[in-house]
Amino acid sequence: MKILCLIRQVPDAEAKVKTKASKMDFDGTTMALDGMDEYGVEQALRINEGGANTIAVALGSNRFEDAIRRALAMGIERAIHIETDTIFDVVSQAKILKAVVLEENPDIVFVGGQHADTDSQALGAALAEALEWNQITWTTELTLDNNQAKATHDVDDGKESLELTLPAIITTQQGLNEPRYPTLPNIMKAKKKELKKTTPAEYGISTSKVQIVAQEIQERARLNKLIDGKDPIAAAEQLIKLLHEEAKVI
Amino acid sequence: MILVQCEFDTKLKKSALELLGAAQKLGGDITAVLLGTGAGAVATEAAQYANQVLVCEDALLEPYTAKTFAKAIADLAEQAEATIVLLAGSRGGRELAPRVAVRLDAAYLEDATNIERIEGGLRIQHYAFLARVTETLEATAPIVVCSVKPNTQAIAETRAAGEIYEVELELTASGVNILGRIQEKTTRVALTEASLVVTGGRGLGSPENFALIEGLADVIGAGVGATRAAVDAGWRPYGEQVGQTGKTVQPNAYIAVGVSGAVQHLSGMGKSKNIIAINKDPEAPIFKVADYGIIGDLHTIMPALIDAAKKLRD
Ligand SMILES: Cc1cc2nc3c(=O)[nH]c(=O)nc-3n(C[C@H](O)[C@H](O)[C@H](O)COP(=O)(O)OP(=O)(O)OC[C@H]3O[C@@H](n4cnc5c(N)ncnc54)[C@H](O)[C@@H]3O)c2cc1C
Ligand SMILES: Nc1ncnc2c1ncn2[C@@H]1O[C@H](COP(=O)(O)O)[C@@H](O)[C@H]1O
């Protein structure tokens with residue numbers, strides 16, 4: 001089975017994000033492989049033990065190389081980096097990635113269920129449509145039997161189980177597996193693995209249909225009225241009084 | 001022409017009323033689309049809000065698959081010469097909308113909290129970077145597809161009834177075989193629509209202790225939420241999870257009990273109007289975003305809080 005994993009580099013979840021002149025400023029922000037994509041990388045390595053026939057694909061700036069090296073250190077065999085500083089809309093991304101998928105011809109493409117930078121859930125579905133494939137989103141369980149996939153995934157009001165014939169796009173999330181940590185020997189090996197560089201222009205795409213006009217951090221000022229709970233009854237009564245009379249929420 | 005894909009069960013869902021409300025605010029002709037079994041039964045209701053209603057109950061629309069629905073909506077958008085297509089920002093809507101956008105080679109805007117027209121397209125706002133950042137995006141294109149975040153739009157107003165048309169579509173089977181669906185039913189108010197939410201985290205220590213969460217929720221009429229830690233431990237169903245990989249909520253008051261306040265959790269509830277935390281650790285990050293809180297052991301605080309809330313209610 002051949003497996004392709006789409007990955008991206010995002011601010012580490014614990015890192016503080018900041019803006020400068022209404023645009024994100026990543027200077028000094030720790031970046032990491034998107035946690036949601038890690039589940040796809042892990043699943044690929046479980047399906048193809050040893051990492052044979054697994055490929056990581058990233059579409060983004062030169063800084064994405066760190067995320068790519070991480071995926072390679074986890075065990076992915078080789079990688080393709082479509083390098084660009086443009087943040088493309090998802091329909092354009094799907095066009096570029098469709099070309100890559102058609103070149104590589106995998107059975108499964110894993111994509112993170114929601115990305116920690118754009119907060120977007122769209123890429124898996126968009127790529128599936130571009131390829132006219134089926135998709136399984138928010139997958140929590142996956143079993144394969146030759147080219148048949150059986151899966152359980154989350155839907156709005158519960159869970160759904162389904163089966164389909166590969167190829168398919170599968171979007172990943174927590175619950176699917178526990179991603180591994182790269183071992184030191186594998187980190188060393190990763191440095192020598194194949195990393196092919198290309199650009200969106202090679203796939204005929206150069207402009208985005210969507211423009212980012214502004215990015216702002218809007219933190220609501222919080223009151224921070226904290227009560228010491230040593231006397232639970234008095235503390236509870238004081239809190240209920242505040243919620244009733246001041247916040248007027250109960 | 002604005003095309004609105006409406007979700008329904010026996011009536012239009014609130015998300016559909018919100019989309020129609022957003023379409024009315026944008027201005028211009030509105031086409032409501034109703035797809036699948038039972039579509040005909042809600043057509044008259046939808047006609048109150050739109051200039052025309054397109055109804056299709058093709059057997060291939062049942063059970064729902066994103067691929068078949070996307071083709072249906074894209075075909076109707078082309079026939080109706082839509083320039084804007086609106087879909088719900090529900091989980092289902094957000095796997096459907098990008099497919100529609102690709103079929104129409106449109107620009108796609110996702111999970112908008114605010115939408116306005118600009119020359120030749122739309123400007124929206126949405127959250128990014130785990131909801132820590134608000135982005136303003138603009139799309140100018142012949143067709144713009146936009147999914148709209150639930151509970152952000154005023155619901156539609158009734159107008160002179162529009163025309164209802166039954167339409168035929170050329171659909172093909174998706175090839176997906178749905179084996180089963182488990183609906184997570186709750187007798188409580190739906191989490192995403194609740195104006196009050198009480199959430200329990202790992203600090204509860206056991207599934208039994210969630211009686212403290214449910215007890216308070218019952219007294220004040222709140223929805224019940226859980227952190228990923230509580231869900232992963234098997235204490236609570238996934239449908240209650242709040243956060244990056246769970247639900248997004250924005251209630252009047254969010255009461256977090258035994259919850260540390262991890263970024264991934266905050267991304268699902270950080271926009272709540274009031275945040276209240278009960279935690280024994282004064283350094284817990286949740287207190288940094290809290291309006292009110294009690295620093296103390298939830299085992300003694302919660303019973304006292306339930307009593308105090310009962311006193312207020314009675
Ligand atoms: C990709 C990814 C996605 C994620 N998505 C989500 C998500 O959607 N939702 C989510 O919630 N998390 C998510 N997480 C996990 C998140 O990082 C945290 O691990 C999780 O939110 C912690 O849950 P918690 O606050 O219940 O537990 P903990 O962090 O363990 O906190 C428990 C708190 O309870 C307090 N406590 C303990 N005992 C008592 C007591 N007796 N009285 C009072 N207080 C007490 C402690 O002081 C502590 O602050 C995600 C993580 C990743 C990597
Ligand atoms: N919509 C967006 N706005 C700003 N930055 C984004 C957006 N989408 C992705 N990115 C981030 O841009 C980063 C690359 O930054 P840089 O390496 O400075 O080009 C990625 O890691 C993403 O987190």
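Residues numbered from 1 in each chain as written. Chains lettered and ligands numbered in written order. Predicted model: local features only at pLDDT ≥ 70, side-chain atom pairs only at ≥ 80, totals over all residues. Heavy atoms only, no water.

### Brief notes about the domain arrangement of chain A
Next, step 1: Taken domain by domain, chain A consists of domain 1 (3-203) and domain 2 (220-250).
Next, step 2: The distance between the C-alpha centroids of domain 1 of chain A and domain 2 of chain A comes to 44 Å. (Domains from an automatic or database assignment.)

### Observations regarding the packing of helix H4 (residues 123-131) of chain A against helix H4 (residues 91-103) of chain B
Next, step 1: It is the contact of H4(A) with H4(B), at a shortest axis distance of 8 Å, that shows an interaxial angle of 40°. What the angle tells us is that H4(A) and H4(B) run oblique. Crossing geometry of H4(A) relative to H4(B) is assigned as right-handed. Only Glu95(B), Pro98(B), Arg99(B), Val102(B) and Arg103(B) of H4(B) make contact with H4(A), whose side of the interface consists of Ala125(A), Ala126(A), Ala128(A), Glu129(A) and Ala130(A).
Next, step 2: Within the contact of H4(A) with H4(B), the residues separate by chemical class into six nonpolar, no polar and four charged. (Axes fitted to C-alpha atoms, helices over the stretch in contact; angles between N-to-C directions. Helix = DSSP H or I, 4+ residues; strand = E, 2+ residues; numbered from the N terminus. Parallel < 35°, antiparallel > 145°, perpendicular 65-115°, else oblique. Left-handed = near helix turned anticlockwise from the far one by under 90°. Contact = heavy atoms within 4.5 Å. Nonpolar A, V, L, I, M, F, W, Y, C, P; charged D, E, K, R; others polar.)

### Looking at the interface of chain B and chain A
Next, step 1: Tallying the contact residues gives 83 residues for chain B and 82 residues for chain A.
Next, step 2: Taking both partners together, chain B and chain A bury about 7,100 Å²; carbon and sulfur atoms supply 53% of that area.
Next, step 3: Summed over the shared surface of chain B and chain A, the number is seven salt bridges.
Next, step 4: Among the salt bridges present, the one from Asp105(B) reaches Lys95(A), with a minimum N-O distance of 2.9 Å.
Next, step 5: Put simply, chain B and chain A have 51 residue pairs in polar contact (both at pLDDT 80 or more) between them.
Next, step 6: The element best represented in the side of chain B that touches chain A is H4(B), accounting for nine residues.
Next, step 7: For the side of chain B that touches chain A, a count of residues per class yields 41 nonpolar, 21 polar and 21 charged.
Next, step 8: In terms of strand pairing, strand S11 (residues 158-165) of chain A meets strand S11 (residues 177-183) of chain B through six bridges, oriented antiparallel. Paired with Lys159(A) across the two strands is Ile182(B), which belongs to S11(B). (Buried area = accessible area lost by both parts, 1.4 Å probe. Salt bridge = Lys/Arg side-chain N within 4 Å of Asp/Glu carboxyl O. Polar contact = N/O pair within 3.5 Å; in protein donor to acceptor, adjacent residues only side chain to side chain. Pairing = 2+ DSSP bridges.)

### Concerning the site of ligand 2
Next, step 1: Around ligand 2 there are 16 residues in total, and Gln9(A), Ser61(A), Arg63(A), Gln215(A) and Glu135(B) lie nearest to it.
Next, step 2: More than one chain approaches ligand 2, the contributing ones being chains A and B.
Next, step 3: Asp117(A) is positioned with one of its side-chain polar atoms (N or O) 3.3 Å from an oxygen atom of ligand 2.
Next, step 4: Here a nitrogen atom of ligand 2 sits 2.5 Å away from a polar atom, N or O, in the side chain of Gln215(A).
Next, step 5: Protein burial of ligand 2: of its 500 Å² of free accessible surface, 84% is covered by the chains.
Next, step 6: Among the secondary structure elements, those contributing two or more residues to the shell around ligand 2 are strand S2 (9-11) and strand S14 (210-216) of chain A. (Near = heavy atom within 4 Å. Areas by Shrake-Rupley, 256 points an atom, 1.4 Å probe, with all protein chains shown as cover.)

### Here's the deal with the sheet that holds S14(A)
Next, step 1: Spatial ordering of the open sheet is given by S14(A)-S8(B)-S7(B)-S6(B), a layout of four strands whose pairing is antiparallel. At either margin of the open sheet sits one strand with a lone partner, and together these are S14 of chain A together with strand S6 (114-118) of chain B. Across the sheet, the mean angle from the axis of one strand to that of its neighbour is 25°, orientation sign disregarded.
Next, step 2: Where S6(B) meets strand S7 (residues 121-128) of chain B, five bridges bridge the pair, whose relative direction is antiparallel. Counterpart to Arg117(B) in the pairing with S7(B) is Leu122(B).

### Observations regarding empty space enclosed by the protein
Empty space among the atoms becomes apparent when a probe as large as a water molecule is rolled across them.
Next, step 1: Considering all chains together, one arrives at four cavities of 30 Å³ or more under this definition.
Next, step 2: What the largest cavity holds in volume is close to 70 Å³.
Next, step 3: Leu6(A), Ile7(A), Arg8(A), Asp37(A), Val57(A), Leu59(A), Gln93(A), Leu97(A), Val111(A), His115(A) and Leu123(A) are the residues that line the largest cavity.
Next, step 4: Tallied by class, residues from the lining of the largest cavity come to seven nonpolar, two polar and two charged.
Next, step 5: What the second largest cavity holds in volume is close to 50 Å³.
Next, step 6: Surrounding the second largest cavity, Leu239(A), Ile240(A), Leu243(A), Ile250(A), Leu216(B), Ile220(B), Ile255(B), Ile276(B) and Leu305(B) form its lining.
Next, step 7: Contributing elements (two or more residues each) for the lining of the second largest cavity: helix H6 (232-246) of chain A together with helix H5 (210-220) of chain B.
Next, step 8: By residue number, the principal contributor to the lining of the second largest cavity is H6(A), which donates three residues. (1 Å grid on protein atoms, 1.4 Å probe; cavity = no way out; pocket = protein on both sides within 12 Å on 5 of 7 lines; lining within 4 Å. Points joined across faces, edges and corners; volume = space filled by probe spheres on them.)

### Quick word on the pattern of salt bridges
Next, step 1: Under the defined criterion, the tally for this structure stands at 32 salt bridges over all chains.
Next, step 2: Each member of the salt-bridge network shares a partner with another, and the members are Arg188(B), Glu214(B), Asp218(B), Arg236(B) and Glu240(B).

### Notes on the side chain of Arg94(B)
Next, step 1: As for its position among the elements, Arg94(B) is in helix H4.
Next, step 2: Note on Arg94(B): relative accessible area 7%, which makes it buried.
Next, step 3: Polar side-chain contacts of Arg94(B) include one of 2.9 Å to the backbone oxygen of Asp119(A).
Next, step 4: In this view, Arg94(B) contacts Gln114(A), Asp119(A), Ser120(A), Gln121(A), Ala122(A), Ala88(B), Gly89(B), Tyr108(B), Glu110(B), Asp111(B) and Ser147(B); residues no more than four positions away in its chain are not counted. (Buried < 20%, exposed > 50% of the residue type's maximum accessible area, 1.4 Å probe, protein only.)

### What to know about helix H3 (residues 90-104) of chain A
Residue and element names in this part refer to chain A.
Next, step 1: Between its first and last C-alpha atoms H3 spans 20 Å; for 15 residues at 1.5 Å apiece the expected length is 21 Å, and the two agree.
Next, step 2: Val90, Val91, Ser92, Gln93, Ala94, Ile96, Leu97, Val100, Val101 and Glu104 are the residues of H3 that are buried.
Next, step 3: Its side-chain oxygen placed 3.1 Å from the backbone nitrogen of Val91, Asp89 serves as the N-cap of H3.
Next, step 4: Two residues or fewer after H3 comes Asn105, characterised by a positive phi angle close to 60°. (Expected span 1.5 Å × (residues − 1).)

### Brief notes about the layout of surface pockets
Next, step 1: Size it by volume and the second largest pocket reaches roughly 1,200 Å³.
Next, step 2: Along the wall of the second largest pocket there are 45 residues; nearest its centre are Glu14(A), Arg202(B), Arg228(B), Ala262(B) and Gln264(B).
Next, step 3: If you list the elements that add at least two residues to the lining of the second largest pocket, you get S2, strand S5 (31-33) and helix H1 (35-47) of chain A together with helix H6 (228-232), helix H7 (263-269), strand S15 (274-279) and helix H8 (298-313) of chain B.
Next, step 4: Top element by residues in the lining of the second largest pocket is H1(A). It accounts for four residues.

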